[in-house]
Amino acid sequence: MSEKVKSVLVVDDEEEIVNAAKRMLERSGYSVDTAFNGQEGIDLVNRHKPDVIITDIIMPIMDGYEFYKNLKNESQTSKIPVIILTARPNMEDSFRALGVQGFVTKPFTGDSLVNKIEQLDDQTQALSSRGYILT
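All residue numbers refer to positions counted from 1 along the written sequence of the respective chain. Since the coordinates come from a predicted model, pLDDT governs what is reported: local features require at least 70, and pairs of side-chain atoms require 80 or more to be given and counted, while whole-chain, interface and lining totals use all residues. The basis for every side-chain value is the complete set of non-hydrogen atoms in the structure, without hydrogens or water.

Digging into the pattern of salt bridges
Charged atoms that come close allow side chains of opposite charge to pair. Salt bridges are identified by distance alone: a Lys or Arg side-chain nitrogen within 4 Å of an Asp or Glu carboxyl oxygen. Counted under the stated rule, the structure contains four salt bridges. Among the salt bridges present, the one from Glu-14 reaches Lys-106, with a minimum N-O distance of 3.4 Å. A residue pair is termed long-range when its members are at least 10 positions apart, and Glu-14 in the loop between strand E1 (7–11) and helix H1 (15–27) and Lys-106 in the loop between strand E5 (102–105) and helix H5 (110–129) qualify at 92 residues. Relative accessible area decides the class of each residue, using a 1.4 Å probe on protein chains only: under 20% of the type maximum gives buried, over 50% gives exposed, and in between gives partly exposed. Judged by relative accessible area, which is 39%, Glu-14 ranks as partly exposed. Strands are runs of DSSP state E lasting at least two residues, helices are runs of H or I lasting at least four, and both sets are numbered from the N terminus onward.

Here you go:
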């Protein structure tokens, strides 16, 4: 595991998905917080400032789109990388157009989540070593 990313927030309304992601990520050494909708996610982000957020899109109370917009509109949370975790793989281009840093489709493996997080770390380190970071 990379030294940079240590904490992950997983936001999804399906308890089985949240619990599976939490177990898989914790086995790889990450500290994991969980939320079951975007509003809970915002509350946790404001308290804990995770290094990475993994979120579903279709959720009650506040969906993933609204959650993402809220994150990006606040200076304290706008630079936190977001990975979309969804069962809709054909929407990747739409998510990328919003500026989402990563995309994982359901069903997923622990390796796919960890690999996506490590790719984010590698990209950030490569860019910062050149003197700039794209956000």
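The structure having been displayed, the exposition proceeds.
Looking at helix H3 (residues 64–73)
Residues Gly-64, Phe-67, Tyr-68 and Leu-71 constitute the buried set of H3. The arc that holds every buried residue of H3, seen down its axis, measures 95 degrees, which confines them to one face. Those residues of H3 that are buried lie in contact with E1, helix H2 (38–48), strand E3 (52–55), strand E4 (82–86) and helix H4 (92–98). In the analysis that follows, any N or O atom pair within 3.5 Å is treated as a polar contact, provided that within protein one partner can donate a hydrogen and the other can accept it, and provided that, for residues neighboring in sequence, both atoms belong to side chains. If you check the start of H3, you find a side-chain oxygen 3.2 Å away from the backbone N of Tyr-65, and it comes from Asp-63. When we speak of the arc, we mean the arc of directions from the helix axis to the C-beta atoms. Every residue pair with non-hydrogen atoms within 4.5 Å of one another is taken to be in contact.

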